[in-house]
Every structure is written in C-alpha cells, then in structure tokens.
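Summary of structural features
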Amino acid sequence: MPNSQHLLNEHGELTRRYFLGLSAAAVAGLGIGEAGAAPAPRQQEALTRLEYLTHSENFRNFGRGNPPPHTLPADKRREVGMDRETWQLEVVPDPETDAKVDSPLSRERGTALTWNDLMALAREHAVCYLHVMTCLNVADPCGMGLWEGVPLRVVVWKARPVGNIRRVFYHGYHNDDPKQLFQSSLPFGRVLEDPPGEPPVILCYKLNGQWLSPERGGPVRMLVPDAYGFKSVKWLNRVVLSNLFHANDTYAGGNNDIDTWLKTFARFLSYPKTARAGQPLPVTGLAQVGIAGLSAVQAWLHPAGAPLPADDPYLTKGDWKPAELLGPPAQWGGGLPEGKLPLGFDPKTGKPKEWPMRFALAHWAALLPGVPAGTYALRCRTIDVAGHAQPMPRPFPKSGQNPVHRVQVQIEG
Ligand SMILES: Nc1nc2c(c(=O)[nH]1)N[C@H]1C(S)=C(S)[C@@H](COP(=O)(O)O)O[C@H]1N2
Ligand SMILES: [Mo]
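Just so we're clear, the structure is a prediction, and the values are computed from it rather than from any experiment. (Residues numbered from 1 in each chain as written. Chains lettered and ligands numbered in written order. Predicted model: local features only at pLDDT ≥ 70, side-chain atom pairs only at ≥ 80, totals over all residues. Heavy atoms only, no water.)

1. A short note on the site of ligand 1
In the vicinity of ligand 1 lie 18 residues, with R60, F62, R64, R221 and K234 positioned nearest. Within the backbone of R60, a nitrogen or oxygen atom sits 2.7 Å from an oxygen atom of ligand 1. Between ligand 1 and R216 there is a distance of 2.9 Å, counted from an oxygen atom to a side-chain nitrogen or oxygen. Across the complex, the protein chains shield 97% of the 540 Å² of accessible surface that ligand 1 would expose by itself. A per-class count over the shell around ligand 1 returns 9 nonpolar, 4 polar and 5 charged. (Near = heavy atom within 4 Å. Polar contact = N/O pair within 3.5 Å; in protein donor to acceptor, adjacent residues only side chain to side chain. Areas by Shrake-Rupley, 256 points an atom, 1.4 Å probe, with all protein chains shown as cover. Nonpolar A, V, L, I, M, F, W, Y, C, P; charged D, E, K, R; others polar.)

Written out as structure tokens, the structure reads:
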C-alpha cells in the first residue's frame, strides 16, 4: 500500500473508534498493526498524529514545469509574481473571439487584481469547504483539504463582462514558456452560478487555515469543488473570458475526459496481509464521495485461484459484505487552526449537516468473518446514492480512475 501511505495517518483515529466499539472479545483477536496492517492505531503514541485532513506538505504533488515553479528560489518567485506581495491576476477578454468585457483587469492598464485587492474581497466574500484533491489518472487521492478563497465570479464581475462569453479559461505561471503552459477551462455558467448544494469555484489562498504554500499552488490557485485536480490550476495569474463554445484544456491532450466530475470509489488503507484460518479480518479504507454521493461500502474475499463469475466484467455477482461507514472525525487535524465554519456545516453544532459529504473523503471499516487457509483476493467497492455499484455508472478510466481495488491476503492454516 505504499501509494496510500500519505493518507494513512489521517485515518487511524476514525477506525480506532470503530474497532473499540466492537465487542472486547472480537477486538482482542484483531492484532491490528501486526502482520503488515496499519501502524498500530491503538497505540497511544500513534494517536497523537491521527487526523482527517492531510497536512499541506504531505499531499501528493503534481505540477508541470522545468523547473516546477514551486521549486524556484524565493527571490525568483517574488520577481515572477509567485509571492503575496507581487502576485497579480489578469481577467481579460479573449482577443481571438468577440468577447465583450468593459473593465478588463490587466497588467497593461495597471488594473490587474493584487493580493491586497483579493484580501479586501475576502473580508466580505471568503468561503471555505472540504474538498478532496485527486488526479484523474491516479487511483489514490492526493490529499484531503479544507480550502478557503473568494468565489471566482466576484472577481469576474469586477471586470464587467458584457456579452459574447461562453467559456472561461485560465492558467498559472509557467516559466514564461508557452510549451510549459498548463491551462484549464470551465463553462461560463459554472463560474457564475453553482448547482444546488455545490460550493463555488474559488480563487483559493488558504489550505487547512494556512496560506497556500508554493508547492500547493500559492499564493493563489483555482479550486473547482466538483472536479479532478487538473481543473485546479496552481500559481494562477490569468483568467480569460472567451466566446469559445468548447473546452480547451491542456489536459485534453492525454485522452482525458475534461468534462468529468469526481467519481465515487473506495480504496483500502489497512488490511492484514497474513492472518490465521478462521480469525476475523479487520479491514479499513477510505471512499472518495463524488457527484453521485455514497450510500455504502462493501468488501469481498475470494479465493485467488477460483474463477470469477462469468460475463461479469464489473464483478457485480461477488459475495459482497457490508462495511461500516464511519462518521465525521472528532478532530479534523491537518494543522487546522480555529477559524470560519466550512460550507455545509451547521452553525449551531459546528458539525457537517450531512455525512458522508460530497467531494470529500469518508472512512470505513469492516470486520470480515474468518476463512479457511489459502490465498485470497480482497476487494472493496462503493454503492452510490442512486444504487450503482462501483465502477458503474462510469467505468471508463479516462474520466477518473475508479477500478475496484484488489489486494492479496494470505490465510495460514
Ligand atoms: N499550474 C499548474 N497547475 C496544476 C498542474 C500543473 O501541471 N500546473 N497540475 C494539475 C493536476 S493534473 C493535478 S492532479 C493537481 C494536483 O494538485 P496538488 O499538487 O496540490 O496535489 O494540480 C493541478 N494544477
Ligand atoms: Mo492530475
């Protein structure tokens, strides 16, 4: 499980409470932390660092560039606007189309948005929300964050858009080399109006209550709540209002489906690599809650050599057993200081109004009944709110990785 190691620390407290809730006899036999499972979640020393949010430096990092812009020395970053004091954002009409914008925010005119302008807007308009950062092409999420920013539309309206606008595209600092450009785009409607219950697209400057680091895309990145990571452009410095009627994302180049929303899927975080015959098997994991929501997680142990059900590419006929979805964390972690309440949280209780929450992670656990000796394939999957079992209703990987996660378990006699 080396791929998910960066998310494991955030997971232990939740699963610990679940297993402690089972009967003492069952827990005594678990041996969590032995035989290649999670680091002993019951140990006192481990408990201090178990959190739900991922620390900024523990995110899996993606960002093109030679050198990647976040690795530039501080004085160079300052020079190119990758610094709060020198940062500027342009919001301009696309010169290739007839888009009409009355008051462009541009460097040329001296009207580009500065950090102080953004902070002034933040005093009135700042919002924050939970969002899982996931690369469309990678099965494990990069990290779970609480992101704060100003809705993009607030800044777009400052530029006084008039008409002939159907698409918004945007990019960040890319070493002033067109070959290194990384651009994403959104329909203008998505920027101006949020689907019911969804947070806005934001110009994001804080993660887990701290200023966004250069590595995470600071000083300002785009954050698109319902989308994969490639829409959330880092080191943002230019937004273009265009009359294009189609997408023009750099990410389209890799055969990627650039109109896809986040998918719902489950991954293992801890499981016993070996266990005794007949001994119950504690397994835990996370689920990304996509646009389709999450109603259940299931697990299936199947002898490794035995044939799979015929004509069943998506494994719908397995002997799937229910796992338990765990509630919101008691401690959020991630270096989070006290601060404003995230969208979707109840001001009276300070807790999320719904759990699991869309576009966030949920944690789950199960104690599977013991099985005879042998090698087994252990799988997990989600069921979404409409009842679709993963990887349906969208099984194709170029719209987001969601294969049914399979690991191997060795049961000894
Ligand atoms: N400027 C810029 N922003 C970018 C990228 C990039 O290459 N350049 N990569 C994107 C992709 S593909 C992903 S998955 C996310 C990853 O965000 P993270 O590094 O904060 O985990 O950043 C996105 N933002
Ligand atoms: Mo990505």
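2. Some thoughts on the packing of aromatic side chains
One pass over the full model with this rule turns up 13 aromatic pairs. Positioned above the aromatic ring of W211 is the side chain of K206, whose terminal nitrogen or guanidinium carbon lies 4.9 Å from the ring centre. (Phe/Tyr/Trp six-rings, centres within 6.5 Å; stacked < 30°, edge-to-face > 60°. Lys NZ or Arg CZ within 6 Å of the ring centre and 35° of its normal.)

3. Some words on the sheet that holds strand β13 (residues 265–270)
Strand order across the open sheet formed by 4 strands is β13-β15-β19-β18, with antiparallel pairing between neighbours. The sheet terminates laterally at β13 and β18 (324–325), the two strands that pair on one side only. Relative to strand β15 (residues 281–288), β13 runs antiparallel, the two sharing 5 bridges. The residue bridging R267 from the neighbouring strand is L286, located in β15. (Pairing = 2+ DSSP bridges. Helix = DSSP H or I, 4+ residues; strand = E, 2+ residues; numbered from the N terminus.)

4. Topic: helix α6 (residues 115–125)
Residues of α6 that are buried include every one of W115, L118, M119, L121 and A122, and no others. Looking straight down α6, one finds that the buried residues subtend no more than 160 degrees of arc, so they occupy a single side. With respect to the buried face of α6, the exposed residues turned more than 90 degrees away are N116, R123 and E124. Where α6 is buried, its residues contact β3 (113–114), β5 (143–151), α7 (152–158), β9 (202–207) and β10 (210–211). (Buried < 20%, exposed > 50% of the residue type's maximum accessible area, 1.4 Å probe, protein only. Arc of directions from axis to C-beta. Contact = heavy atoms within 4.5 Å.)

5. Considerations on the sheet that holds strand β16 (residues 296–303)
Strands sit in the order β14-β21-β20-β16-β17 across an open sheet of 5 strands; the sheet is mixed. Whereas interior strands pair on both sides, the edge strands pair on one side only; in this sheet they are β14 (274–276) and β17 (321–322). Bridge analysis of β16 against β17 gives 2 bridges, and the strand direction is antiparallel. Residue pairing in the sheet places A299 in a bridge with K321 of β17.

6. A closer look at the pairing of strand β20 (residues 374–383)
Of all 10 residues making up β20, 8 are buried, and the element is well covered by its neighbours. Direction of pairing for β16 relative to β20: antiparallel, over a ladder of 8 bridges. When the sheet's bridge partners are listed, Q298 is paired in β20 with R381. Relative to strand β21 (residues 405–412), β20 runs antiparallel, the two sharing 7 bridges. Looking across to β21, one finds that Y376 is bridged to V409.

7. Here's the deal with the side chain of D226
Looking at where D226 falls in the secondary structure, it is placed in the loop between β11 (221–223) and β12 (236–242). With a relative accessible area of 7%, D226 lands in the buried category. Once you skip the residues sitting within four places of it in the chain, D226 turns out to touch R190, E198, W261, L262 and F359.

8. Some words on the environment of T274
Here T274 lies in strand β14. On a C-alpha basis, the gap between T274 and I411 in space is 5.6 Å, while along the polypeptide they are 137 residues apart.

9. With respect to the state of the cysteines
With the rule as written, the count across this model stands at 0 disulfides. Cysteine C128 remains unbridged, with the sulfur of C204 as its closest cysteine sulfur at 10.0 Å. (Disulfide = S-S within 2.5 Å.)

10. A word on the pairing of β21
Residues H405, V407, V409 and I411 line the buried face of β21, whereas the alternating positions R406, Q408, Q410 and E412 sit on a face that is not buried. Two elements, β14 and β21, share 3 bridges in a ladder whose sense is parallel. Residue T274 lies in a different strand from β21, and its bridge partner there is Q410.

11. Some details on the environment of P95
Mapped onto the elements of the fold, P95 is located in the loop between β1 (88–93) and β2 (100–101). For the pair formed by P95 and S242, sequence separation is 147 residues and the distance between their alpha carbons is 8.2 Å.

12. What to know about the pattern of salt bridges
According to the stated counting rule, one finds 12 salt bridges in the structure shown. Note that D194 and R153 form a salt bridge whose closest N and O atoms lie 2.7 Å from each other. Here D194, found in the loop between α8 (188–192) and β9, pairs with R153, found in helix α7; they are 41 residues apart in sequence, far enough to count as distant. On the accessibility criterion, D194 (21% relative accessible area) is partly exposed. For R190, the salt bridge is made with D226, and the minimal N-O distance between the two is 3.1 Å. In this pair, R190 is assigned in helix α8 and D226 in the loop between β11 and β12, connecting sequence segments 36 residues apart. One network of salt bridges, with partners in common, ties together R153, R190, D194, E198 and D226. (Salt bridge = Lys/Arg side-chain N within 4 Å of Asp/Glu carboxyl O.)

Fair warning: the whole summary comes from geometry, so function is off the table for now.
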